[in-house]
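Residue-level listing of the chains:
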Amino acid sequence: MKRIATVFTALALSFSTLALTSTAAIAQADVQAAYIDVSGHGEIEAYPDYLTISVELSATDKDVAIAKNLVDEAFAQITTIAKNLRIERKDVESVLINNYPQWQYLKNGKRELIGHRVTRPVTINLRNLDNYGKLLESLLTDERFRVSSTQLKFNDPEKHQTKARRLALLSAKEKATEMSAVLDQKISGVLWIQETGNRIHQPVMMMESASMMRSKADTGSEMQIQEQTISQQVQVRFSIIPD
């Protein structure tokens, strides 16, 4: 029995040594493998499918009920504007209403309630971009509305990002091929890929005063929406071998 145990022990040690040797060989090969790290950038231009306008309705009065009624009237006007521009009801969203008590601080350190400021945020999705100028004019020429932001959007942003990412990967491959060739090398495979950034560039939308918008309305000028830039950035490690 001792001899059999000794044989099994010897075999176990042999397999362990072989496994360690193989692991060490693989690790050594990985260390010695030549590679090149490159970045790739890709971008495309595309017209947005729709835009989202965020509007805040607000009114202040000593009576909170009056302030709320004023805000409700302003929202009714928003829905009328949307209807006239054939904006569907589902594209006008407003689910919150807020009340902010207005206080005046007295010299004796006490405070006195002087009124209530009621606000109601509204989000409008405009599908027909040709009506952007008309919508913006209607909003900015009414003192009850404050346009807080405008965002251009795509129905399928991932489709555009996929195209830009493909261009970024091709850019990385082209760069690695060129750099390797200069040193009499060629790429032989991909060791890893990392996406380092993606972006849909948003233009700066300038908000104008009501008087400026009225002036533009008188001259008949229009708001122009340009193509948007969708970009992708990748980092790729290629293995290389002598050419």
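Summary of the structure given here. Within each chain, residue numbers correspond to sequence positions counted from 1 in written order. Totals for whole chains, interfaces and linings use all residues, but because this is a predicted model, local features are given only for residues with pLDDT of at least 70 and pairs of side-chain atoms are given and counted only at 80 or more. Calculated side-chain values reflect all of the structure's heavy atoms, with hydrogen atoms and water omitted.

## Quick look at the sheet that holds strand 8 (residues 228-242)
(1) Moving on: Here, any two strands with at least 2 DSSP bridges between them count as paired. A run of H or I in DSSP counts as a helix once it spans at least four residues, and a run of E counts as a strand once it spans at least two, with each numbered from the N terminus. As summarised here, the arrangement of the 3 strands in space is 1-8-7, forming an open sheet in which the pairing is antiparallel. Taken across any chain shown, the strands that pair with only one partner, and hence form the sheet edges, are strand 1 (35-46) and strand 7 (185-200). On average, each strand axis in the sheet is tilted by 20° relative to the strand beside it, whichever way the strands run.
(2) Moving on: Taken together, the 12 bridges between strand 1 and strand 8 define a ladder with antiparallel strand orientation. Bridged to Ile36 within strand 8 is Phe238. Axis definition: a line fit to C-alpha positions, over the contact stretch in the case of helices; interaxial angles, taken between N-to-C directions, run 0 to 180 degrees.

## Focus: the pattern of salt bridges
If charged atoms from side chains of opposite charge come close, those side chains can pair.
(1) Moving on: Throughout this description, the term salt bridge denotes a Lys or Arg side-chain nitrogen within 4 Å of a carboxyl oxygen of Asp or Glu. If you walk through the whole model with that rule in mind, you get 10 salt bridges.
(2) Moving on: Here Glu56 and Arg117 are joined by a salt bridge, their closest N and O atoms 3.2 Å apart. One end of the pair, Glu56, is in strand 2 (residues 50-61); the other, Arg117, is in strand 5 (residues 111-126), and 61 residues separate them in sequence.
(3) Moving on: Arg146 is the salt-bridge partner of Glu56, the closest N and O atoms lying 3.6 Å from each other. Placement of Glu56 in strand 2 and of Arg146 in strand 6 (residues 145-153) is noted, with a sequence separation of 90 residues between them.
(4) Moving on: A single salt-bridge network, built from bridges that share partners, covers Glu56, Arg117 and Arg146.

Everything listed is a geometric property; what it means functionally is a separate question.
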